[in-house]
Amino acid sequence: MPILADKKILITGIASKKSIAYGIAKAMHEQGAQLAFTYQNERLKSRVEAVAEEFGSRICLPLDVTQQTDLDNLQQALSEQWGILDGVVHAIAYAPANELQGKITDSCTREGFQIAHDISAYSLIALAQACQALLEKAEQSSIITLTYNASQQTVPSYNVMAMAKASLEAGVRYLAADMGPQGVRVNAISAGPIKTLAAAGIKNFRTMLNQNANKSALGRNVTIDEVGNTAAFLASTLSSGITGEILYVDAGYRNISMSAQSLES
Ligand code: NAD
């Protein structure tokens, strides 16, 4: 029996088939979910519509999270088309490219800080608010977001995005506490580095990928399919006792301070 049979789940954050949100949509579709999609702008619209069609969905709505009207219209459209939501996937982050290089002491600006936090952290709260009434109609529902361990340990060039991820993770805990009594669970997946469009903005990302693979317990990087399967689990009743958590899907990187292999090389 598929673990998400007939569940209605909103997927944000698809920019390409390399997007983590695409891996999540694929896994959730395989587990029987009905999906609705959002696209950030007209440039991405046809691409996301093609993905929606691939997964048998006819719901594909505009959502730029900096626009309150988009959030209001999303709420209205989902109320009319579904009237209930079992899950929401928030896979959205952005910081201006000049913030993601060099030392934070050199690159961080007030404007860049505000943009990164607005789009990457506040948007989770805004999306939860927009979807709250529909999520509360389900007996059990789930919000899932994506974070990265640079929120906990420094990673060169991640700078302002690391702070936005720390804020996002705090947001997960507060939303989980506030929405829990109404049966809404809120969790984050902390994914290891994966080559996507957003990751391309991080300086030296290819080197990061190699170092991550070498140090991780599994000796490799993770895939969008692995993150997708974890998201499917978090959206399903199999994870009914889990909320407010940051679940690491990083091939065991976080637990290792010094790898045995690094001593041999
Ligand atoms: P991606 O570029 O495929 O997806 C990022 C998405 O954010 C895009 O779909 C883009 O349209 C959307 N977005 C940006 N600004 C927006 C706005 N104003 N309104 C609406 N949508 C907006 O990259 P990805 O790596 O799949 O990123 C998805 C999430 O996963 C992000 O939160 C990212 O920080 C997180 N993450 C990525 C990695 C990695 O290494 N790729 C690791 C851990 C966490």
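Summarised in this report is the structure supplied together with it. (Residues numbered from 1 in each chain as written. Predicted model: local features only at pLDDT ≥ 70, side-chain atom pairs only at ≥ 80, totals over all residues. Heavy atoms only, no water.)

1. Points about the sheet that holds strand β2 (residues 34–39)
Strands pair in a sheet through their backbones, by hydrogen bonds, and they do so in one of two ways: parallel or antiparallel. Counted only if it meets this: At least two DSSP bridges between two strands are needed for those strands to be called paired. Secondary structure elements follow DSSP: runs of H or I of four or more residues count as helices, runs of E of two or more count as strands, with numbering from the N terminus. The angle between two axes is taken between their N-to-C directions and runs from 0 to 180 degrees, where each axis is a line fitted to C-alpha atoms and a helix contributes only its stretch in contact. The criterion used for residue contact is that any of the two residues' heavy atoms lie within 4.5 Å.
If you walk across this open sheet you meet the seven strands as β3-β2-β1-β4-β5-β6-β7, and the pairing is parallel. Every interior strand has two partners, whereas the edge strands, β3 (60–62) and β7 (246–249), have only one. Taking the axes of each pair of neighbouring strands and ignoring which way they run, one obtains an average angle of 20° across the sheet. Alignment of strand β1 (residues 8–11) against β2, held across four bridges, turns out to be parallel. Paired with I11 across the bridge in β2 is F37. Packed onto the sheet, helix α5 (residues 110–137) meets β1, β4 (87–90), β5 (141–147) and β6 (184–191) and runs at close to 170° relative to β4.

2. Some details on the packing of aromatic side chains
For the record, the criterion: The aromatic pairing rule takes the rings of Phe, Tyr and Trp, using the six-membered ring of Trp, and pairs them if the centres are within 6.5 Å, calling planes under 30 degrees apart stacked, those over 60 edge-to-face and the rest tilted. When accessible area is computed with a 1.4 Å probe and restricted to protein chains, residues below 20% of their type maximum are described as buried, those above 50% as exposed, and intermediate ones as partly exposed. Remark: a charge is flagged as sitting over a ring if the NZ atom of Lys or the CZ atom of Arg is within 6 Å of the ring centre and within 35 degrees of the ring normal.
Tallied over the full model, the rule gives three aromatic pairs. Taking 4.9 Å as the distance between ring centres and 50° as the angle between the ring planes, the aromatic pair formed by Y148 and Y158 counts as tilted. Of this pair, Y148 sits in the loop between β5 and α6 (159–179) while Y158 is found in the loop between β5 and α6, placing the two residues ten residues apart along the sequence. Both residues of the pair, Y148 and Y158, belong to the buried class. Sitting over the face of the ring of Y253, K215 holds its NZ or CZ atom 4.2 Å from the ring centroid. Above the plane of the ring of Y248 lies R254, whose end atom (NZ or CZ) is 3.7 Å from the centre.

3. Some thoughts on the site of the ligand
Cut-off, in case you're wondering: For each residue, the test is whether any non-hydrogen atom lies within 4 Å of the molecule or strand; if one does, the residue is near. By the criterion applied in these results, polar contacts are pairs of N or O atoms within 3.5 Å in which, for protein atoms, one can donate a hydrogen and the other can accept it, and in which residues neighboring in sequence qualify only through two side-chain atoms. Gly falls in the polar group here, along with every residue not listed as nonpolar (Ala, Val, Leu, Ile, Met, Phe, Trp, Tyr, Cys, Pro) or charged (Asp, Glu, Lys, Arg).
Residues in contact with the ligand amount to 28 residues; listed here are only the nearest, S19, Q40, K165, I194 and T196. Separating an oxygen atom of the ligand from a backbone N or O atom of I20 is a distance of 2.8 Å. The separation between an oxygen atom of the ligand and a polar side-chain atom of K165 is 2.8 Å. Per-class residue counts for the shell around the ligand are 20 nonpolar, six polar and two charged.

4. Quick notes on the pairing of β1
Side chains on a regular strand alternate between the two faces of the sheet. The test is simple: Seen with its strands pointing away from the viewer, a crossover is right-handed if its path from the first strand over the helix to the second goes clockwise.
Residues K8 and L10 line one face of β1 and the alternating positions I9 and I11 line the opposite face, and both faces are buried. Chirality of the crossover, the property in question, places the unit of β1, helix α1 (residues 20–30) and β2 among those that are right-handed. Both β1 and β4 contribute to a ladder of three bridges, which runs parallel. Among the inter-strand pairings, L10 is bridged to a residue of β4, identified as V88.

5. With respect to the packing of α5 against α6
Under the convention used in this document: Throughout this description, any angle smaller than 35 degrees is read as roughly parallel, any larger than 145 degrees as roughly antiparallel, any in the 65 to 115 degree range as roughly perpendicular, and the remainder as oblique. Helix crossings get a hand from a simple test, with the near helix turned counterclockwise from the far one by less than a right angle marking a left-handed crossing and a clockwise turn marking a right-handed one.
As a packed pair, α5 and α6 sit with axes 8 Å apart at the nearest point and diverge in direction by 20°. As summarised for this structure, α5 and α6 are arranged roughly parallel, according to the angle between their axes. In the crossing of α5 with α6, the sense of the turn from one axis to the other is right-handed. Here G112, F113, A116, H117, S120, A121, L124, I125, A128, Q132 and L135 of α5 come into contact with α6, specifically with V160, M161, M163, A164, S167, L168, G171, V172, L175 and M179.

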